[in-house]
Amino acid sequence: MNRLYHFSLSPFCRKVRLTLAEKKVEVELVEERYWEQSPEFLRRNPAGKVPILRIDGRIMTESQAICEWLEETIPRPALMPADPMQRYEVRRLCMWFDDKFYHEVTSKLVFERVKIRGQGYPDSKAIKSGSSRIKYHLDYMAWLLDQRSWLAGDEMTLADFAAAAHLSSLDYVSDVDWNRHAVVKDWYAKIKSRPAFRTILADQVPGHAPAHHYADLDF
Ligand SMILES: N[C@@H](CCC(=O)N[C@@H](CS)C(=O)NCC(=O)O)C(=O)O
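The structure displayed is predicted, hence computed values, not measured ones. (Residues numbered from 1 in each chain as written. Predicted model: local features only at pLDDT ≥ 70, side-chain atom pairs only at ≥ 80, totals over all residues. Heavy atoms only, no water.)

Novice: Explain unusual backbone geometry to me, please; I cannot follow it from the model alone.
Specialist: Excluding glycine, a negative phi dihedral is what most residues carry, and trans is how most peptide bonds are arranged. Here the bond from Val 50 into Pro 51 is cis, since omega is 10°, no more than 30 degrees from zero. For the bond running from Arg 76 to Pro 77, omega is -5°, close enough to zero to count as cis. You can see Pro 77 is positioned in the loop between helix H3 (63–73) and helix H4 (84–113). If you check the backbone angles, Asp 56 has positive phi at about 50° while not being a glycine. As for its position among the elements, Asp 56 is in the loop between strand S3 (52–55) and strand S4 (58–61). On the accessibility criterion, Asp 56 (62% relative accessible area) is exposed. Of note, Glu 62 is a non-glycine position whose phi angle comes to about 70°, a positive value. (Helix = DSSP H or I, 4+ residues; strand = E, 2+ residues; numbered from the N terminus. Buried < 20%, exposed > 50% of the residue type's maximum accessible area, 1.4 Å probe, protein only.)

Structure follows, in structure tokens:
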């Protein structure tokens, strides 16, 4: 059986889960307490990070490399456009969310509110900074979506999965103002209602119940 070692609120793991589900690849999900950095975990990924995919006897790491490998080996349904310039745009936006958005927002809100190591209080400076920065990102998404049906163009792509992965983790801890831009809310409603999103909406982190609207498709 294929296996994904993951942490449920990790946006990188969520992006891979969405891609696997969209491509109809079944995997057993194994929660990894990555912060404990067990020898077995480090043997699978010396970088000490999740996600780790074990598929057909191979171990794969790095979410973007995994998603692009899935796209190349299982081309349908397509999550990358054919045109090189549009492919560039998908990759640029994946990096936008996995680098800039992660450092400015996700890491400051999700991983402060859910103390995975089980100790300490959320850092109020980090929360304040993340809550302020998310507005800039939502405005940027609205600007993109005013011109396109999906973030990178007129088809749903990996860029939408990268963004939705971060926003869904933030939504779990109730940190997204969905009323800021109707166009962003409509985009999320579309992606949230896909069958690939189901297991993500069922996630439960022990000791941290999701926001009441988290799994609601009519939020
Ligand atoms: N570039 C990596 C980032 C993965 C990542 O940072 N995962 C976090 C969890 S959200 C992690 O495992 N952090 C452990 C660490 O940095 O020590 C990817 O896309 O897979």
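Novice: Explanation requested: helix H7 (residues 182–192) in the structure shown.
Specialist: Helical geometry note: an α-helix holds 3.6 residues per turn, so side chains three or four residues apart project in the same direction. By the burial criterion, the buried members of H7 are Val 184, Trp 187, Tyr 188, Ile 191 and Lys 192. The buried residues of H7 all sit within an arc of 130° when viewed along its axis, so they share a single face. In H7, the exposed positions angled more than 90 degrees off the buried face are occupied by Ala 182 and Asp 186. Against the buried residues of H7 lie helix H5 (124–147), helix H6 (158–172) and helix H8 (198–201). (Arc of directions from axis to C-beta. Contact = heavy atoms within 4.5 Å.)

Novice: Even after reading the chapter, I still don't get the pairing of strand S1 (residues 3–6), so can you show me in this structure?
Specialist: Residues in a regular strand point their side chains to alternate faces of the sheet. Of the pairings in the sheet, the one linking S1 to strand S2 (residues 28–31) comprises 4 bridges and is parallel in character. Pairing of His 6 across the sheet is with Glu 31, part of S2. Once the chain exits S1 it traverses helix H1 (residues 11–22) before rejoining the sheet at S2, and the crossover so formed is right-handed. When S1 meets S3, the two strands line up antiparallel, connected through 3 bridges. What sits directly across from Arg 3, in S3, is Arg 54. (Pairing = 2+ DSSP bridges. Right-handed = clockwise from strand over helix to strand, strands pointing away.)

Novice: Is there a simple way to think about H1 in this case?
Specialist: The terminal C-alpha atoms of H1, which comprises 12 residues, lie 16 Å apart, in line with the 16 Å expected from a rise of 1.5 Å per residue. Counting buried positions over the 12 residues of H1 gives 11, a clear majority of the element. Buried residues of H1: Pro 11, Phe 12, Cys 13, Arg 14, Lys 15, Val 16, Arg 17, Leu 18, Thr 19, Leu 20 and Glu 22, and no others. In the stretch just after H1, Lys 24 is the one whose phi turns positive, near 60°. (Expected span 1.5 Å × (residues − 1).)

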